[in-house]
Structures are given as structure tokens and as C-alpha cells.
Number of protein chains: 2
Amino acid sequence: MGVIEPRVFKGTRDFLPEEMIHRDRIIDVMKSTFETYGFEPLETPALEYWDILTGKYGEEGEKLIYRLDYKGGHEVALRYDLTVPLSRVIALYPHLPKPFKRYQMQPVWRADKPQLRQGRFREFYQCDVDTVGSGSMLADAEIIIVTHAILSSLGFQTFRIRINNRKVLAGIVEYTCGDQSRSADICRCIDKLDKIGMDGVKHELERCDIPDGSAQKVLKILEISGNNETVLRDLERELSVSQMGLAGLSELKEVFAFLQNNGLPQDRYTFDLHLARGLDYYTGPIFETVLTDQPHIGSLAGGGRYDELIGLFSGIDEPATGTTIGLDRIYTAMQQLNMLENVKTKTQVLVTLFDDTTFKQSMSVAQELRDNGINTDTYFEQHSMKKQFTYAHKKGIPYVVILGPDECAKDEISVKDMESGEQKTISRNALIIYLQELTG
Amino acid sequence: MGVIEPRVFKGTRDFLPEEMIHRDRIIDVMKSTFETYGFEPLETPALEYWDILTGKYGEEGEKLIYRLDYKGGHEVALRYDLTVPLSRVIALYPHLPKPFKRYQMQPVWRADKPQLRQGRFREFYQCDVDTVGSGSMLADAEIIIVTHAILSSLGFQTFRIRINNRKVLAGIVEYTCGDQSRSADICRCIDKLDKIGMDGVKHELERCDIPDGSAQKVLKILEISGNNETVLRDLERELSVSQMGLAGLSELKEVFAFLQNNGLPQDRYTFDLHLARGLDYYTGPIFETVLTDQPHIGSLAGGGRYDELIGLFSGIDEPATGTTIGLDRIYTAMQQLNMLENVKTKTQVLVTLFDDTTFKQSMSVAQELRDNGINTDTYFEQHSMKKQFTYAHKKGIPYVVILGPDECAKDEISVKDMESGEQKTISRNALIIYLQELTG
């Protein structure tokens, strides 16, 4: 049999140990933050029935879902996100106490053209945190506070959580053209403001056949600026004709009050009228986190309230809000901002093998280190010390323990610091404490 | 649009919070043990090219692999195990320092008839630990020691690691019938001894057309019993005609010496001539861990040395050894042996909402608890205390904090122990330390 050419499916990735160590750290921070705020872990299968997965996304979405070549009477496919599985879970297990607060960190798949430089993959992790069963704006504020806590814990300094409300956008549509069927077009134009500027939006509105009078009103709304309070007040005046718009503004006021009460730094969140977010299913507050400085890599997190999605599966609407945090984006940003620790391995010590006379003692030292919580590798062959040091160096193991006949005779042991190159001989009894201090 | 019936694809499972908490704990123990022994994390994509996945399993295996309905020029499928992806990784990244010691804990998929009672699923986690690039029996012994350490840490008392060697089995075939093409048949018969007894094996050997003289010799070999040393010595005498058999016995002696040297309790491992293991690719020591007492749920872990598999991808044989630890089997065993902690939630405290006058203070207490490392949920509505207690009870949250106007006026706070029902009022300043002690 010939050799099988080793390669990975385009748009998917291997995570080698060095990268895994960083990813694990990010996941640990998320997990512990989610749990600190009372969210519980959930996992669902990668495989879901086709009708469940496609209930929400529409034809455009269906194209992006990987189907299995499975002949079992029902079509089966790979999950596309973690929100639909959550909605299915809520409908399937009515006994779960509400509000149900869960986090879920699992891969999802998109049958997309991969664009590796833009960070678009066919398989990637989503880290979702959601509260189901509460319509309180406290639940939305908590999602924002959790997002903030995670990014702060990871060491991000320059980020901002943009906040808007779908009801406010609906109010703008109502006020500017009175025709909710034009809502998607108008929102898309508004969403583009940051990219294409006021003139661009004007042009886009024309292109979408939004009547001139309506377009004028949209542009006037977009000119409203100032701090959160000013913008809210000005909008309240403009949107006074729209019950929906006023309801959205009132929700936002509540959210902002909760964030302020929590002591969230004011420069970390902002009311952003231009934020629309792509998905159709949002019904209330929406939020998206971006870096305000380099690198420009799109949003690190995004989400919002979706009070009608779960009803697709349960028949009963259940209020819900949450966000997706993008592990890959966060990793890329941390890499580019030099925020990742310079660590290549979780292993702290290599115990070398000298010769047959000291073999048993080397093994017993290694076991003692492990029993004392020190991550310890042993070399498997009696190769030259040089070769064993090279192995430690390549792997990035910081300390090497040497136990030759000389050391054994004197009940001593040598420890080499691989970074400084310094080698120190200490009493055998002092080893554990010595290494615990170095690696602690 | 009608309601979409919520259901899970047969043979796959949702892991609700209560189960996730236990699974997470098992995974944490495995992860930290793997790292203690110098193994590094690795993850690979769920999707692999078909020719890579099917290089190893033969036609029987191919039937069990889920293909994607993907039209991109190459066939793509869901990984079947974690050993083939590891082999591909080794071939693809020749710069990885050897020995390469990795662990990997990810789901795999089998297009099988699910048998939920027997614990056979279509999607399940494998936890693999392997050493690539060393032919030393120290590497095999280490895999056995790691398996032992994990099961001990989890609290298992009655388990045994059965150890055999493929070279010994080949030696038995050489000695008993001289025809290696009958190897699979003879090994299958030997493997069944525990289930069908000596008479059963005799019958099976007949059924497989093993010549009478050869069958006699097989049965004589199977009668060898005693402690590890006795069995090894008796076998050495019988298999003296087979170089292969003697090489296998010599490997086993080395492994047993390393295990003894490490202080592994003698009753936890045993030389078991009947162990054959299904997969074709093993070339040296093989091992399998079973519970010696109830429940009878098959093996918790199994693996061995496979020195020729990686060569399928790299063209160069690379010695390798490792084991798969079955998360689902371990979970099921712990459940049946009442080894799982009685915990329903990671949340330690619920802060209730009394009324508007105390709202801000309740929120600030919650934040303070979180900042001090206590997992804290807050209630989102000003419902009756009874309703808020019911929520805490249903979720299994052990402590509830109450902050009404009375408490606020006196700068006090009440804490209810949900298990005992006892409620205690303490000074507001003492809260953190009080709860840290209770939950610590």
C-alpha cells in the first residue's frame, strides 16, 4: 500500500500543543467567569436533524449547513451555531428550572468558502452564554457584564461594547417610512454607516428605492450624536410616534442604568444606533464587542435578545438573551497584541536518565515530583546528556534534573535552568521545595 | 409556520448541567494527570478526508464512518477515533520534538446501530494519551501508570489492568500451528475464553478449522496460570521455538519491572494471556482496564503499542504507544457505584431581590461575592421570597442571601442554608468570610 498523503480539510485546523495551551487558558477564563455569574455548563451533539437546524436561518443559511450522507429516513447535519441547539433543549426538557442560565463552548461548522486570513473557517469554536426565561433587562445587562469581565480578565484594554435595540431600529423604520417590510433594507443601510459614511448611506438608501422623504428622515436620525443620555433623549423626541421605538429606548435606559450601577467603566460601552446585527431573530437589546484600537479583526463577541426563537420548537414563546464569544477572534487578537504568555509546554521539569546505576532513583524522583504537583517528563533512553538537554530545549521545558553516580553517592541532585544555562547542585531532600518555588 | 418537534438524533445525547458538572470533573482529573506526566494537549478537526480516515480500518470500519454530503472534489467524513488523526499530525508536522507525548479529548462518531443500554453511541468522547517516537517499554509502562493514576484519583477501588503482548500472541500462533494467516482466528478464540470457558474455546477452534494438533497446543497454553512471574517462565519454555514470542515476553518482563519499580499495587495489573484486543494495528504490549467487581460494563480503557501505523502516512515507521480512556464508561461506572458527588449546580449562592429600596445593595453584594471567587446567581424579578427560594431549591443552590429593608437599616444581611432550612443574620462586613468558609 502506498503512503497516504497527510493533509487537513481546507478551512479546518489542527491545534498543536503550543496553541492549545493558550486556547485552554482562554477557555478556562471564560468557564470560570461564566460560573462566577451563575451560568451552568451544557453540551449538545454535533449532529442534529435537518428540520431542526434549518427552522431559523432561511434558504441563505441552509446552504451553509453540512449535511451527512446518511440514509436513515431523516436528514442529519452538523450544527451551525449553539443557539438553535439551546432552543431545542429548552423545548425538550420543560422541567429545567427557569431562568435557565447556561454556557456552551463547542465547535460549529459552516459549509463556507474558507478565508483563513480573515479568520473565516469551516470548523470553529463558539462560546455562548444565554439566559432563558427572563424578560428582565437585568438578564441583558448581565450578559454584557460577563462579556466585559472575560475580556478584562484576559487583559484586553481597548475594547468597547456597542449596544442598540431592535425595537429602536423598528421604531426608526416606523417613523421614517412607516413600512416594516422595508425594515431589512433600512437596517442594512444603517449598519453600513461606519464603513461607507453618510454619503454612502444616502446612496445606498437611493439604491434600495427608499422614498426620498424617508431617506431624509433616516439621515437626520443618523446625525444624532453625543453621550448615551443625549442620544437617548434626542431619539425619544424623534421617535415619539412609535410605541415600539419608545419601548426599545426604555429598555436601553434600564440596561444602561444596570451597567452604571454595576460600576462598568463608561468608556467600555456605548449606545450605537448604527449597530443592526445580521440575524433576523433578535427582538430587543443587541450588543457587539469590538477593539477600539488595532488589530481590526471584526467583533470579538456579539448577541442580543431573542424572545421568539424558542417558540419555534416549544410552541410557547420564552424570553431569552445571550451572546456568542468568538474564541478564534480573541486568540488572534491576543496574538497580534502580544498578550499571549511565552509558554511552549505545560511540562515544568525533565528528569534525565544517566545510566543503569541511577535509573531507579531517577524514576523515583520523577514520581515524587509528580506526587507533589509538578508536571514532570522523563527521558526514555540513556542517551547523552547533550541529547537530553536538546529535547528539553526543543520542548521548552524550563528545568532539567540530573542524577548521576556522583550526585547519588552524595545524596545530592543537580538542577539545570534551561533559560539561564545555570546548573545548581542541591541536597536531594531539598529538591521538591526548590522546584516548587521555581515553578510555583 | 408550525412548531418544529424538538428531538435528538438517535445515539447522540444532550448533557444537561447536572451531568456536565460530573463529566467536567472527570475531564479535569484526566487533563491534570496527563499534564503531570508530561503529556501536551492536542486537538484536531472533526472533519477529515475520507482516504485518511479509511487507511487503517478496512472495509468493516468504512461502514462505520459518517460521510458528509460534500461536493468539493474530495470526500470528507467525521473522525472515527483519535489515533488516525494523531498519526496524520505526526506525519504532517515533522518538526514536532520526539518523543511527542500528547493527550486529546474530543468526540468521535460511529455510524453504528446505537445501543443505549450497552453504552454504544453514535457520538461519544474519547480521551486518548499517546507517546510517539519511543520504542522504550518505559513509554508503555508510563501509559499504564497514567491510566492507574486517573482511575485512582477518581476513586475507583476495584479495577485491574490486563496486560498482554501481540508478539506473544504471534508466538503462540507460530508455536501452535506455524501459520500466521490463522492468527486472527486463533486470537479471536483466545479472546473469548473469559466469556465461553475452555470447552467453548475448544469448540470455537474446531469451528474455525484449526487442526486438531494445533488446537491441543492452544488449549495447553491457555491452561498456564499463576502469578505474572510463573506464567512468564512457563510461556518462555513453551514458546522457545518462536523468536517473536520470546521478544514479546522480554518486552513484558521490562514493562512489569517498570510497574513494580514505580510501586504500582500488584493487584492492579496482571499478565493476561487471553487479552487480544480487536484492532489489527497493535504490534507490542496491549492493555485493557476492567472493573473486577460490579458493574460489568466492559473495559474502561484500552490500548497498546502500534509501531507501524504512522508509517502509513509518513512513509517512515515511528514507534508509538497509547491508550483510549472511555469517558462515558467511566461516568456510567461512577454513577452505578454511587461515586458521583451529590451536586446539581456550580452556583454556590443566590442573591435574592427584595424591593426597589434594597435593589442596588443586593446587586452590589452579588458583585462583591463574585469578585471574591464565590459563584453567585441573582434573581431577576422582585417576586415573593417563597418563589425565589423555590428557584434556589430547584437549581440546588446551597445558600440564599436576603437583603430586606430591616437588614439594610442595621447593616446586616441574612443567609439561608437551603439544606437545613436554617436562616442566620450576620453583619454585612462578615458576609464574604462567612460564605467563603461555608462554600470553600
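Fair warning: this is a prediction, and the values are worked out from it, not measured in the lab.

Comments concerning the interface of chain A and chain B
- Facing 99 residues of chain A, the contacting portion of chain B comprises 99 residues.
- For the pair chain A and chain B, the summed buried surface comes to about 8400 Å²; carbon and sulfur atoms form 60% of the total.
- Taken together, chain A and chain B are joined by 13 salt bridges.
- In this structure, B:Lys31 and A:Asp24 form a salt bridge, with 2.5 Å as the shortest nitrogen-oxygen distance.
- Remark: the boundary between chain A and chain B carries 43 residue pairs in polar contact (both at pLDDT 80 or more).
- With 7 residues, the top contributor of residues to the side of chain A that touches chain B is helix H1 (residues 17-36) of chain A.

Comments concerning the pairing of strand E9 (residues 301-305) of chain B
All names here are of chain B.
- Of all 5 residues making up E9, 5 are buried, and the element is well covered by its neighbours.
- Here 5 bridges tie E9 to strand E10 (residues 320-326), and the two strands are oriented antiparallel to one another. When the sheet's bridge partners are listed, Gly 304 is paired in E10 with Gly 322.

What to know about the sheet that holds strand E5 (residues 123-132) of chain B
Residue and element names in this part refer to chain B.
- Spatially, 8 strands are ordered E1-E4-E5-E10-E9-E8-E6-E7 in an open sheet, and the strand pairing comes out mixed. Of all the strands in the sheet, just strand E1 (40-41) and strand E7 (269-271) have a single pairing partner and so form its edges.
- Alignment of strand E4 (residues 100-109) against E5, held across 10 bridges, turns out to be antiparallel. For Arg 102, the partnering residue across the bridge sits in E5 and is Asp 130.
- In this fold helix H1 (residues 17-36) packs onto E4, E5 and E10, with an angle of close to 160 degrees to the strand it touches most, E4.

Observations regarding the relation of the copies chain A and chain B
- Aligned on chain B, chain A shows an RMSD of 0.1 Å; the corresponding rotation is 180 degrees and the shift along the axis is 0.0 Å. What the rotation and shift describe, once combined, is the action of a two-fold rotation axis.
- Here 100% of the interface residues in chain A have copies in chain B that are interface residues too; the copies meet face to matching face.

Describing the pattern of salt bridges
- This model, assessed by the stated rule, comprises 62 salt bridges over all chains.
- A:Glu238 serves as the salt-bridge partner of A:Lys220, at 3.5 Å between the closest nitrogen and oxygen. With A:Lys220 in helix H9 (residues 212-222) and A:Glu238 in helix H10 (residues 228-238), the pair connects residues that are 18 residues apart, well separated along the chain.
- A salt bridge links A:Arg277 to A:Glu288; its shortest N-O distance comes to 2.6 Å. Placement of the pair is A:Arg277 in the loop between strand E7 (269-271) and strand E8 (285-291) and A:Glu288 in strand E8, with a sequence separation of 11 residues.
- In this structure A:Glu288 comes out as buried when scored by relative accessible area, which is 14%.
- Via salt bridges that share partners, A:Glu40, A:Lys101, A:Glu142, B:Arg370, B:Asp377 and B:Lys395 belong to a single interconnected network.

Conventions used here
- Residues numbered from 1 in each chain as written.
- Chains lettered and ligands numbered in written order.
- Predicted model: local features only at pLDDT ≥ 70, side-chain atom pairs only at ≥ 80, totals over all residues.
- Heavy atoms only, no water.
- Contact = heavy atoms within 4.5 Å.
- Buried area = accessible area lost by both parts, 1.4 Å probe.
- Salt bridge = Lys/Arg side-chain N within 4 Å of Asp/Glu carboxyl O.
- Polar contact = N/O pair within 3.5 Å; in protein donor to acceptor, adjacent residues only side chain to side chain.
- Helix = DSSP H or I, 4+ residues; strand = E, 2+ residues; numbered from the N terminus.
- Buried < 20%, exposed > 50% of the residue type's maximum accessible area, 1.4 Å probe, protein only.
- Pairing = 2+ DSSP bridges.
- Axes fitted to C-alpha atoms, helices over the stretch in contact; angles between N-to-C directions.
- Least-squares fit on C-alpha atoms with pLDDT ≥ 70 in both.

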